Structure formats: C-alpha cells, structure tokens
Amino acid sequence: MQNIDELSEEQARAELKRLSEEMAKADIAYYQNDAPYLTDAEYDSLKRRNEQIEAKFPHLRLANGPSQRIGAAVKSEFGKVEHKIPMLSLGDIFSEEELMDFTAGVNRFLGNKTDNQITYSAEPKIDGLSFSARFEHGKFIQGATRGDGKTGEDITENLKVIKDLPLEIKAPDLPEILEVRGEVYMSKADFFELNKKNAAEHKKVFANPRNAAAGSLRQLDANITKERKLSLFVYTWGDVSEITWKSQSEFLAKVRSWGFKTNPYNRICHTTQDLINYFEDLQQERANLLYDIDGIVYKVDDLALQNRLGFLTRTPRWAIAHKFPAEQAFTKINNIRVQVGRTGALTPVADLEPINVGGVIVSHATLHNEDEIKRKDIRINDTVIIQRAGDVIPQIVRVVKEKRPQDSQEFIFPQKCPVCGAHAIKEEDEAVRRCTGGLTCPAQATERLIHFVSKDAFDISGLGEKIIEDFYRENIIKTPSDIFTLEERNSGGDLFSHHNGLHLESREGWGKKSVDNLFKAINEKRKISLPRFIYALGIRQVGAATSLLIAKHYGSFLTFMQDMLVKNTEKLLEIDGIGEAMVKDIVEFFAEEHNQQTIKLLLQQIKVDDFLDTTDYTSQLSGKTIVFTGTLEKMTRAEAKAKALSLGAKVAGSVSKNTDFVVMGSDAGSKAEKAKELGITILSEDAFFALIS
C-alpha cells in the first residue's frame, strides 16, 4: 500500500473514493446486517488512512465520506427515529503518546500548569450496539439505534424485553424527559450458549458476541429478541429536560439510583499516569471480563469544563476512545531504500517480506528518518515486529535482536540525494535530512509541479501526476510558467523539436478535443486568488491555512514578496501561529534566485488578485487586530483567541502600529509596555468581555 507522503492529488482522490466505498460497504455489513467482514483493526486502519489523507488533502474530503458519516442509514424495515441531539462518535487513539497528547491538549486549552488539575471518568468501551432510550414522566416510551447519528431505527419493542432496562421509574429527582444512551451487549457465556443451540438446530452461528447482540436486538419480531439473553450498560444521556448533575460520575451515580446498570469497572482518574495505569490494568483483565471490550473511553468528568472545551468539528475535545493494540506480526527486512519528497525530505522505507497482518498483506513500512533507524537499530535482513495499530501505514515496533543473522547489514543513510546527487543536509534542530537540489532535483521538481496544479493551488484539471511526470521527463514542462506557455509552444511547432516536430495531438491517447480541453483548463486559471497563489508556490511549512493568514495580513502578493526580499519580517511575525522557524523557511524561499526567477516568469503569464475579505462581520471586533498578553482569569488565552477570531478579529502574536487592541491579563510583560509607547488601546479582561458580549 502506497505511503501517504507519496500520494499525488489524483491518487489521493482515487484512494479517498475507494476508502469511502469500502467503509460504506463495511458499515452496512456491520450496522445493518450485523455480519461484518472486516475486523475492528482492519476497519480502524481504513479509518485512520482516510483521516491522514484528508489531513494532507483537506480540499478532497468527500461530502459523504467516512469522516462525515456515523454508522449507516436505517433499514427500511424499521421505523425511523430522529435524534433530537445527534449520537456522535469519538475520536480514536492507539498509543500512550497519543493519550499524552490528548491530556496535554486539554490542559493547554484550559490553561492548567500541572497534570493533576483535571478529573477524568474512564470507562470500558463495550463492543456492542449503541442505543438510546427515552423516558417521559418516568415511563419508557421509545428506543432507537444510533443509525447514521441523526436518524436511528425504532427498536422500542425490542428494548422492552431486555431485563436491564427499567420500563417505569419512580424517583423524585427524575427529569420529566430523560434520554439515556448506552450499549447493548451479549455476555460471552450467553453467546456460546446461543451458538451451541443454533448449531444444534442448524440455524445461523454468529462470529462474535457483538454480532450476536446486534442481530438479536434488531429483530422485527421482539419475541426472538426476548429469547436471547441481552444486557446493557448506560454511559451517557441525550435529550434531557433538566440536567441536575454536574459531572459524568455524578450522572452515572444518578442513573444507578434510578435502576439502570452502569459498568462496574468505571474509574475516576486524576492524572495521565492514572489513565495509563487503568488502561494497562483493564488490558490485562480483558480476557477475564464477562463481555467483550475493545478499548477505554476517557472523559473530562466536570460538565462545566466539557462545555468550555467544546468540540473539534464532529468530535468532542473533552473525550477520546483509546483502542487496544492491533495485531502484530513477525517479518524480515529485505531492503531499505530512500524516497525524496516535494520539500526535499529523504524518507527511508523498509521493503518487507510480505506478511498478513490483520487480514492485509503488508510489504512496506516507513522508517520515518535516520534517527529512528539508529534508535531502533534497524538493519537489512533483520527480523522485526510490525503492527498496524489503527494506522494503515505499517510501523516497525522493534527488532527481534535474538534472531539477527550474521549477514545483517547496518544501513548507511545517504549524504547525497539518490535522485539528483545533490548534497543532502540535516539541520541541527531537525530529524529529517533534505536534498539541496531544489527545483533542479527531478524528484522535487515533479512533486512541486504536481503540488502547483493541485486542488487548493491552481486546480488545473487534466494535469494529473502521470501527465506531469511524462511532460517533465520529455522537457515539455520543467517549471510552473511552462504550463502557461504550453499552448503557444504547441501551436508554434517547436514544443517537440526533440521529438521530430510532433504536437500534443499526436501523442498516444490524446486528440484535438483532449488537447483543447487541457488548454481551456489552463487558460481559465490565468487569474488566481492570493491565498491559492501563495500555497501553490510550495513554500515549506506554508499550507493552505497559513497562506490564507498571510494573504489577509498583506493584502497583495507584491507587498508580501517585497518584504520577504529585504527580509522585513516584522509584519509576518505579527501573525498568530507563525513563528521564527516558519519565517526562516519563507525568507529562505524568496532568497533563492531560481525561485525569484520562477515567480517572475509566472507573473508574466498570470494575474494574482489582491486579497479582499468579503465576510460580513457585524461585531465591534470586525477587522480589528488584537494581541493578548498576560494571564487571563475567566478563560484561557486559547479560548479568548478562538472567541475573537469567531467575531471577525485578527489575532496577532506581537504588538505593532497595526494593532488595534491589546488585551492585558495579569503579569503582562513587554507587549503592554510597547502598546503604551505606541498609544494603542489597552483593554482589561473585563473590558474585553464587555466588548465580546
């Protein structure tokens, strides 16, 4: 399977389509037919690969792709139930490092200095079928499956026959409307008993307890459900008339008092290490549990903190699912080779003896960089353990040194680019070694050209990866400006002088119509927006989001470029999110003569529109530049910045004459002094709150 870093835009689009179709098919098998053909690890691998490709190519995200879907549409045989509050899913993590990133992110967002200021509710992740049960005035009136998150299947009659669900509750503190949510499951003992009975009667034998539970619950005849022994746990709520609890743990205590079952293994944790210990404890206990679990869910316990943390697109910032490790396998490293990417990064890849890992044949694994090879002491001919822990790109866990053969070879990382022969250097603060050949390196040149015509850049249809590579190899397109002189050179007859005067129309698989369509697509892109143009240049570390920030800040490309040519970075450093390292890469890009020449030739062929922010902002902060300094008491700096941005403001990292407001918290430093010197309006935290409210 191809490394994501190697994917062209055309390949990424095709891969996202394939993943979407495969996962939609798997969702129907899992959610509708209760007969999954993929293991959890295989499905997680597809999900993670989809997420990684979307992260690299966000503009290719499919409107109804896996990241936008939850579950599958309801079966037509069942009645539909619209969830008043969507039944969303959680993000997944697969390692201690990712768990530490999660808790660090929570603490950073809330402004906590230490790791013991947050209480977490940690709960086993039951491998069953999600349900919701609605009660009005204490009486159970409706049950539903998750479905696609917005619409579920009506399983009211089926839930009524599960002994763990109370049908009527009498409690003075019970809300008038209460929707509880949880998981229906079948215990291992009941699963084996059902399969034994079905086998004797020549009926369907289920693959695992999850399938048995889902198949039993989603019966059109509730009497069949009643015959099978199903159980359930409650772990959260949906639509509630009045929330009287202040934490997840308090909610669980309340629902237990109302007669619902909650998982006895739930645990309160106070530090990241507590969560790690709990994960390890439950992983060891997993085989002895009465039911299947596939991981642990961590939630910030306090509801007020949950509300502050909010959501990241479709998943909460305050909760995460930590999956148990995926399958591992032993194999041999046959070779190690180096690939060169668009930015010149040299990435080592291990060619493996093909091995089946979780149902997928794996023959390659990324080794990340030369430091990783040294750290793990990876050698050619070594036997290694590989895994696909939610990541489609396999990773080498460790070398099995006791099996190391005498002919194992230590890999010597090249000091020169394997494609162009230019020196490959490694900066002191970087783990990656890079080719210095720039656009003279064929590997970088073709990758940069592919980037130049990609969706978020010039978006020129008809110039896919294969065509770019062919045209580059045949000296038809060597630089970005060559794209825009292609029609003129083609009609002039000298385009293929080294090919005996042939024209594009004469190429195999081409014709007049396809050539005309290509020229039309190119000519339609002779005018481009400023953010797209900056992104198209392929400056290291400058993605689509950063390009937009730069465009907003400078307004025109010439203004931006003139500042960079004279290394005037003061205005650039004002942009929140752009630091010294990124500024260094931007300045170095414009300092290279061949980049200056590339831009000069390009600007002779195209027009870059100045940036015009047409957003209709109505707040008092509309278009204002704000700098935050000092410690805020009512919310963290991250929350305050997010609020300011949501109201149309620009948030800068340093004070300048372009700053409109400086919001000063306690222990404010030099920024406050500079604001006073420049006569800039200084707002207290209370004044800022008054302004935004």
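Residues numbered from 1 in each chain as written. Predicted model: local features only at pLDDT ≥ 70, side-chain atom pairs only at ≥ 80, totals over all residues. Heavy atoms only, no water.

1. Quick word on the overall build of the protein chain
Helix and strand counts for the protein chain come out as 25 helices and 28 strands. Its C-alpha atoms give the protein chain a radius of gyration of 29 Å, within 12% of the compact-globule value 26 Å for 693 residues. Dimensions of the protein chain, computed from the C-alpha atoms along their principal axes, are close to 85 × 70 × 55 Å. By the burial criterion, 51% of the 693 residues in the protein chain qualify as buried. Across the protein chain, every contact between residues at least 6 apart in sequence was considered, and the portion connecting residues at least 24 apart equals 68%. Of the roughly 33000 Å² of accessible surface on the protein chain, a fraction of 49% belongs to carbon and sulfur atoms. (Helix = DSSP H or I, 4+ residues; strand = E, 2+ residues; numbered from the N terminus. Rg over C-alpha atoms; globule rule 2.2 N^0.38 Å. Buried < 20%, exposed > 50% of the residue type's maximum accessible area, 1.4 Å probe, protein only. Contact = heavy atoms within 4.5 Å. Areas by Shrake-Rupley, 256 points an atom, 1.4 Å probe, with all protein chains shown as cover.)

2. As for the nonpolar core
Ranked by size, the top nonpolar core spans 52 residues in total, and within it Ile550, Phe557, Phe560, Leu572, Ile586 and Phe590 carry the most contacts. The greatest single-element share of this core, amounting to 6 residues, is contributed by helix α21 (residues 580-591). With sequence-adjacent residues up to four places away left out, Ile550 is seen in contact with Ile534, Val542, Gly555, Phe560, Leu572, Ile575, Ile578 and Ile586. Val180, Leu232, Val240 and Leu303 belong to the second largest nonpolar core, which has 35 residues in total. (Core = buried A, V, L, I, M, F, W, Y, C linked by side-chain atoms within 4.5 Å.)

3. Comments concerning the packing of aromatic side chains
Using the criterion set out here, one finds 26 aromatic pairs in the structure. On the basis of an interplanar angle of 80° and a centroid distance of 6.3 Å, the ring pair of Phe688 and Phe689 is categorised as edge-to-face. The exposure classification of Phe688 matches that of Phe689, with both residues buried. By way of ring pairs, the aromatic residues Phe452, Phe458, Phe484, Phe533, Tyr554, Phe557, Phe560, Phe589 and Phe590 are connected into one cluster. Across the ring face of Phe330, the terminal group of Lys403 is positioned such that the distance to the ring centre comes to 5.2 Å. (Phe/Tyr/Trp six-rings, centres within 6.5 Å; stacked < 30°, edge-to-face > 60°. Lys NZ or Arg CZ within 6 Å of the ring centre and 35° of its normal.)

4. Here we look at the pattern of salt bridges
Evaluation of the coordinates by the stated rule reveals 37 salt bridges. Taking the shortest distance from any N to any O, the salt bridge between Arg61 and Glu54 comes out at 3.4 Å. Note that Lys607 and Asp609 form a salt bridge whose closest N and O atoms lie 3.1 Å from each other. Assessed through its relative accessible area of 24%, Asp609 is described here as partly exposed. Through salt bridges with shared partners, a single ionic network connects Asp377, Arg379, Asp382, Lys401 and Arg404. (Salt bridge = Lys/Arg side-chain N within 4 Å of Asp/Glu carboxyl O.)

5. Some words on the confidence of the model for the protein chain
Per-residue confidence for the protein chain gives a mean pLDDT of 85, with 91% of residues at or over 70. For the stretch residues 496-502, pLDDT sits under 50, and the model shows 11 contacts to residues farther than four places along the chain or on other chains. (pLDDT = per-residue confidence, 0-100.)

6. Re the pairing of strand β4 (residues 129-136)
Two faces belong to every sheet, and in a regular strand the side chains alternate between them. Buried residues dominate β4, accounting for 7 of its 8 residues. Both β4 and strand β7 (residues 177-185) contribute to a ladder of 8 bridges, which runs antiparallel. Directly across from Phe131, in β7, lies its bridge partner Gly182. Here 6 bridges tie β4 to strand β5 (residues 139-145), and the two strands are oriented antiparallel to one another. What sits directly across from Ala133, in β5, is Gly143. Where β4 folds back onto β5 in an antiparallel hairpin, the turn is made up of 2 residues, including His137, whose phi is positive at roughly 55°. (Pairing = 2+ DSSP bridges.)

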